[in-house]
Structure formats: C-alpha cells, structure tokens
Amino acid sequence: PGTDPSPTLLWTIVSGGTGTFSDDSITNPTFTPDDPGAYVLRFSVDPDDGAAVTDDAAFTSEAIDPSAVDAGGPYNGPVGSTTAISGTFTPGTDPTPTVLWSIDSGGTGDFADPTALNTTFDPNQIGTYTLRLTITPGGGLGDAVFDTATFNSQAVAPSNVEAGGPYAGGVGSPIQLAGSYTPGSDPAPVLLWTIVSGGTGTFSDDSITNPTFTPDGVGAYVLRFSVDPDDGPAVTDDANLSAGAVQ
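My aim in this report is to walk through the structure given alongside it, one point at a time. (Residues numbered from 1 in each chain as written. Predicted model: local features only at pLDDT ≥ 70, side-chain atom pairs only at ≥ 80, totals over all residues. Heavy atoms only, no water.)

### Some details on the nonpolar core
Okay, so step 1: Counting 16 residues, the largest nonpolar core has L177, W193, F213, L223, F225 and L241 as its most contacted members.
Okay, so step 2: Listing elements by their share of this core, those giving two or more residues are β19 (190–197), β22 (219–228) and β23 (235–244).
Okay, so step 3: Among the elements that make up this core, the one with the highest residue count is β22 (four residues).
Okay, so step 4: Apart from residues no more than four positions distant in its own chain, F213 is found in contact with S173, P174, I175, L177, I195, T200, G201, T202, F203, Y221, L223 and L241. (Core = buried A, V, L, I, M, F, W, Y, C linked by side-chain atoms within 4.5 Å. Buried < 20%, exposed > 50% of the residue type's maximum accessible area, 1.4 Å probe, protein only. Helix = DSSP H or I, 4+ residues; strand = E, 2+ residues; numbered from the N terminus. Contact = heavy atoms within 4.5 Å.)

This is the structure we're talking about:
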C-alpha cells in the first residue's frame, strides 16, 4: 500500500474470453475460465489519493478431453442378426461430443446408428471383429479419445430339420419323401438322405429335400435326412418307412 492503507482492488479480464472470479476485489481470488485458450488477466490497485496501478498476468486455459471411454464387450452374437452394444464415457470441456462406432477389423457389418452410444451391430461374416468407439469434442475443445471392444460373430445352425413320415409303400415302388429345414448362416447347406436301418433301397436323388425312395425288401426302414452347413455341424432327423409286399 501507499499512503492509502486500503486501496480498491479489482481483477478484470483484458483478453481471451469469458470467465468468473470467485471475488474480483481481493488479492488472491480463483478464476474459472469458460473457454480454452490464452487469457490476459489484470490486477488493479486503485488508491483514493492517486492513480490506479495495474499489472497483467498471462493465463492459459486448457481443454479437458473426454475420459473413461469404454466400448464395453466382449460381445457375442449370431451372424446376420442384430446384437445390442453399449458404450460409456465421461464428458470433458465439451458436454456433447460426437459419438462414432466403427469397425477396426474382422469384416463388414452394419450399426443401427453409429452415432448413438447404445445401438446394435449386425455382422456379415463369422469370426472375431474389433469395434471402435470414438468420442470427439467439437470446436477444438479437446482431443478425440477412443476404446475398442471384441465382437464374436457366431454361425447359426440350420433349424426345423424334418425328415417327415412315417412313410409306407410297396417293395420296388418309389415312395415320395418330404424333408424340410430352415437354413442358418449357410444359405445352401449340403443335403443328404441315407438308410440307417432296414435293408437296401434307392433314392431318386439323395441330395435334395424331396426325393423318392424305392425299397428293395419288405420290412421297416429308418431313413435319415441330414443338413450339413459349411460353418457348423450337421443337423439330422430320422423317419420311419414301412415297405410291404406287392400283391
């Protein structure tokens, strides 16, 4: 102090943006900047018996990056179907940064909404994917931060495999068979009809859904319809067939 023992004190912002002093009339307040970047702050001491004396200070405000970015997982889901995925993060300076899901590796696939934290993913191939969640602040308010998650895309087995029957017919005469199935992730699995028990006979075509079967002898047969995808084990169903003597 000079001759005035209690001059008026004042902190002000000279340049750099807006902000708030905890108390702009004391010696040692705190300052909370509203924007990242370079500020110049001025401290003024104004006695009632003379001119004010000032000094300026440089202040650098740094943006805070998003933190705790977590892509979740590992996830497991069937190929060709949607599976829920969910990410989390803690905002930094930008309270509403841009969210983006992308595929790092593993094949192709589709996100229901790649800009939503909680969305779904539909893989096009079987295998292991790496998915990336990136959080990007806008307006230079920090750097992008990302995390990755593993997604295991699994094969879907054929379902509703039916050999039909029971069937009946005469020895030496073709009997119509009626197999059916719902494809899984392999749209064109290998089909095969075989004789499990009962004797010998002939399929008109053992690699189609609905062939005919001609038994060679009288008695009870068990026929097997097999659906064998290239991405998983075969699924089978058996049918009974009764072959009678021809009168």
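### Examining the sheet that holds strand β11 (residues 109–111)
Okay, so step 1: Reading across from one edge, β8-β12-β11 is the order of the three strands in this open sheet, with antiparallel pairing throughout. Looking at which strands have only one partner, the edges of the open sheet turn out to be β8 (83–86) and β11. Strand after strand, the sheet turns through a mean of 30° between neighbouring axes, direction not considered. (Pairing = 2+ DSSP bridges. Axes fitted to C-alpha atoms, helices over the stretch in contact; angles between N-to-C directions.)

### Here's the deal with the side chain of D186
Okay, so step 1: Position of D186 among the secondary structure elements: in the loop between β18 (180–182) and β19.
Okay, so step 2: For the buried D186, which has no salt bridge, the nearest side chain bearing the opposite charge is R224, at an N-O separation of 19 Å.
Okay, so step 3: Within polar-contact distance, the side chain of D186 engages the backbone nitrogen of D230 at 2.9 Å.
Okay, so step 4: In this structure, D186 is in contact with P229, D230 and D231, ignoring residues within four places of it in sequence. (Lys, Arg positive; Asp, Glu negative; His and termini not counted. Salt bridge = Lys/Arg side-chain N within 4 Å of Asp/Glu carboxyl O. Polar contact = N/O pair within 3.5 Å; in protein donor to acceptor, adjacent residues only side chain to side chain.)

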